[in-house]
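# Structural description and commentary
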Amino acid sequence: MSPTDPSLERLEIALNAKIETSFDLPQDFDVLAHLLSDKRSPNTRKAYEKDINDFFRLMTGKPPTPDTVLEFLHLTQKQAVSVVLRYKSRLIEKGLKESTVNRRLAAIKSLTAMGRKLGVCEYSLEDIKGERLMGRYRDTTGIDSLTYKKVLESCQRNTPLGKRDYAILRLLWDNALRRGELVKCNVADFDVHNRTLSILGKGRGSYQELIDLSPGTVQALSEWLACRKKTTPNEPLFTALDFHNKGHRLSGEAIRVIVCRYCKAAGVTKKMSPHRIRHSAITAALDATDGNVRKVQKLSRHKQLDTLMIYDDNRQRVQHEITGLLSNLVEE
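Think of each chain on its own: its residues are numbered from 1, step by step along the sequence as written. In keeping with the model being predicted, local features are shown solely for residues with a pLDDT of at least 70 and side-chain atom pairs are shown and tallied solely at 80 or more, while totals for entire chains, interfaces and linings include all residues. Calculated side-chain values reflect all of the structure's heavy atoms, with hydrogen atoms and water omitted.

We count it as follows: UniProt positions are given in the numbering used here, feature names are shortened, and annotations may be inferred rather than shown by experiment.
As annotated in an unreviewed UniProt entry, the protein chain is Tyrosine recombinase XerC from Planktothrix tepida PCC 9214. Under the UniProt heading Sequence similarities (unreviewed entry), the note attached to the protein chain is "Belongs to the 'phage' integrase family."

Following this line, the structure appears as structure tokens:
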């Protein structure tokens, strides 16, 4: 067959047409769906969808559709900036917090950024600035180690319920875990011989972090798994024990209820939660290491050291100390 053979040319044309058809954008091209599918976390997707829905409802009176999203993305730079600035003004008039305003603006900017990536938007909203956030006090106080010891002692460790809850409470304290990290753990993630647990850390996607466990936590987990008798690797590490939900993975809310119940039983009057236990553990670790934030960062797994410094500042009550010094200077 020669290079100029008509049949070869027809074949090439047919192949090119098939390739072009395969990559053509559908008539109902949905930019918002592309944006949401690009987010790994279900919570992030839910938040973006809620914020963008708020924008379209407030500015058009209707929820977003593929067509109305495209209409917005096809505006000129001047038109788009004008619309978003009016939206920002209305959010401020409603008295929303600066952080909420900024989050909603960020969602719209992400939508336009996705539109530019897909070639259906020619403008940018980066010139629209968010509201300035004033620094606010973040309460990182919790309970001390002696109080938490009483919380642990309130577990009836001769029952399956007590064994499970004791193991949960040990992990929350010894490893300062987040409740979401606990919820996602499976039986296979616990390595009794190497005394480790694989967790899906916050903001780490599908990357599993290997954390070391204390002997006490290893024993607690072993006792809990032993009372479950037969388990498979893919089963949840922590399961419900009540009649209706037995064997199902514990939810984050269930873990919060467990923490509150045992803290109340131990006489703790402060409002507690799994994250408050994490705060307590981090603060106790800073006390035990004389404020060695680099070491404690290995426990807390904060990406930014500045976040951990908030814990250390609150622990030391530096402002309280300086206020006392100033007071002494003017007192007789």
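Continuing now.
### Some details on the pairing of strand S2 (residues 196–200)
Put simply, the rule reads: Three labels apply to residues, based on accessible area from a 1.4 Å probe with only protein chains included: buried if under 20% of the type maximum, exposed if over 50%, partly exposed otherwise in between. Helix numbering and strand numbering both begin at the N terminus, where a helix is a DSSP run of H or I of at least 4 residues and a strand a DSSP run of E of at least 2. By the convention used here, strands pair only if DSSP detects at least 2 bridges between them.
Burial analysis of S2 places 4 of its 5 residues in the buried class, the great majority of the element. Sheet topology places strand S1 (residues 190–191) next to S2; 2 bridges connect them, and they run antiparallel. In the sheet register, Phe-190 faces S2, and the bridge partner there is Leu-197. The turn joining S1 and S2, which pair antiparallel and follow one another in sequence, is formed by 4 residues; a positive phi near 55° is taken by Arg-195. Relative to strand S3 (residues 208–212), S2 is paired through 5 bridges, and the arrangement is antiparallel. Across the sheet, residue Ile-199 finds its bridge partner in S3, namely Glu-209.

### A word on the sheet that holds S3
Taken together, 3 strands build an open sheet; the order of strands is S1-S2-S3 and the sheet is antiparallel. One side of each edge strand has no neighbouring strand; the edge strands of this open sheet are S1 and S3.

### Observations regarding unusual backbone geometry
Non-glycine residue Ala-176 carries a positive phi angle of around 50°. Here Ala-176 is to be found in the loop between helix H8 (160–174) and helix H9 (179–183).

### Let's talk about the packing of H8 against helix H10 (residues 215–227)
Counted only if it meets this: Where helices are involved, their axes are fitted lines through C-alpha atoms of the stretch in contact, as for all axes, and angles between N-to-C directions lie from 0 to 180°. Angle categories are assigned with fixed cut-offs, so that under 35 degrees is roughly parallel, over 145 is roughly antiparallel, 65 to 115 is roughly perpendicular, and the rest are oblique. Left-handed is the label given to a crossing in which the near helix is rotated counterclockwise from the far helix by less than a right angle, and right-handed is the label when the rotation is clockwise. Here a residue-residue contact requires only that any non-hydrogen atoms of the pair lie within 4.5 Å. Think of it as three bins: nonpolar holds Ala, Val, Leu, Ile, Met, Phe, Trp, Tyr, Cys and Pro, charged holds Asp, Glu, Lys and Arg, and polar takes everything else, Gly as well.
Taken N-terminus to C-terminus, the directions of H8 and H10 make an angle of 150°; their axes are 9 Å apart at the nearest point. Comparing their axes, H10 and H8 come out roughly antiparallel. Our pair here, H8 against H10, has a crossing hand that is left-handed. Each of Pro-160, Lys-163, Arg-164, Tyr-166, Ala-167, Arg-170, Leu-171 and Asp-174 in H8 lies in contact with H10, whose residues at this interface are Gly-216, Thr-217, Ala-220, Leu-221, Glu-223, Trp-224 and Cys-227. Of the residues in the contact of H8 with H10, the class split is 8 nonpolar, 2 polar and 5 charged.

### Digging into the nonpolar core
Note the cut-off: Put simply, buried Ala, Val, Leu, Ile, Met, Phe, Trp, Tyr and Cys residues joined by side-chain atoms within 4.5 Å make one nonpolar core.
Judged by nonpolar contacts, the single largest core of 47 residues is most densely connected at Tyr-148, Leu-169, Leu-172, Leu-197, Phe-238 and Ile-277. For this core, the secondary structure elements donating two or more residues are helix H7 (145–153), H8, H9, S2, H10, helix H11 (252–265), helix H12 (274–288) and helix H13 (293–300). With 29 residues, the next largest nonpolar core counts Ala-80, Ile-108, Met-114 and Val-120 among its residues.

### Focus: the packing of aromatic side chains
For clarity, the cut-off: Stacked, edge-to-face and tilted labels apply to pairs of Phe, Tyr and Trp rings (six-membered ring for Trp) whose centres lie within 6.5 Å, assigned for plane angles under 30 degrees, over 60, and everything in between, in that order.
Tallied over the full model, the rule gives 6 aromatic pairs. An angle of 80° between the planes, with centres 6.1 Å apart, marks the rings of Phe-72 and Tyr-123 as edge-to-face. One end of the pair, Phe-72, is in helix H4 (residues 66–73); the other, Tyr-123, is in the loop between helix H6 (98–117) and H7, and 51 residues separate them in sequence. For Phe-72, a relative accessible area of 6% puts it in the buried group. Each member of the aromatic cluster is reached from another via a ring pair, and the members are Phe-55, Phe-56, Phe-72, Tyr-87 and Tyr-123.

### Quick word on the pattern of salt bridges
What counts is decided by this rule: A carboxyl oxygen of Asp or Glu within 4 Å of a side-chain nitrogen of Lys or Arg is what we treat as a salt bridge.
Counted according to the given criterion, the structure contains 11 salt bridges. Note that Arg-157 is salt-bridged to Glu-223, the shortest N-O span being 3.3 Å. Placement of the pair is Arg-157 in the loop between H7 and H8 and Glu-223 in helix H10, with a sequence separation of 66 residues. Note on Arg-157: relative accessible area 32%, which makes it partly exposed. Two residues, Arg-301 and Glu-181, come together in a salt bridge whose shortest N-O distance is 2.8 Å. Of this pair, Arg-301 sits in the loop between H13 and helix H14 (305–316) while Glu-181 sits in helix H9, placing them 120 residues apart in sequence. Exposure class is identical for Arg-301 and Glu-181. Each is buried. One salt-bridge network, in which partners are shared between bridges, spans Asp-51, Asp-54, Arg-103 and Arg-104.

### Some thoughts on the side chain of Thr-196
Topologically, Thr-196 is positioned in strand S2. Apart from residues no more than four positions distant in its own chain, Thr-196 is found in contact with Asp-189, Phe-190, Asp-191, Leu-210, Ile-211, Asp-212 and Leu-213.

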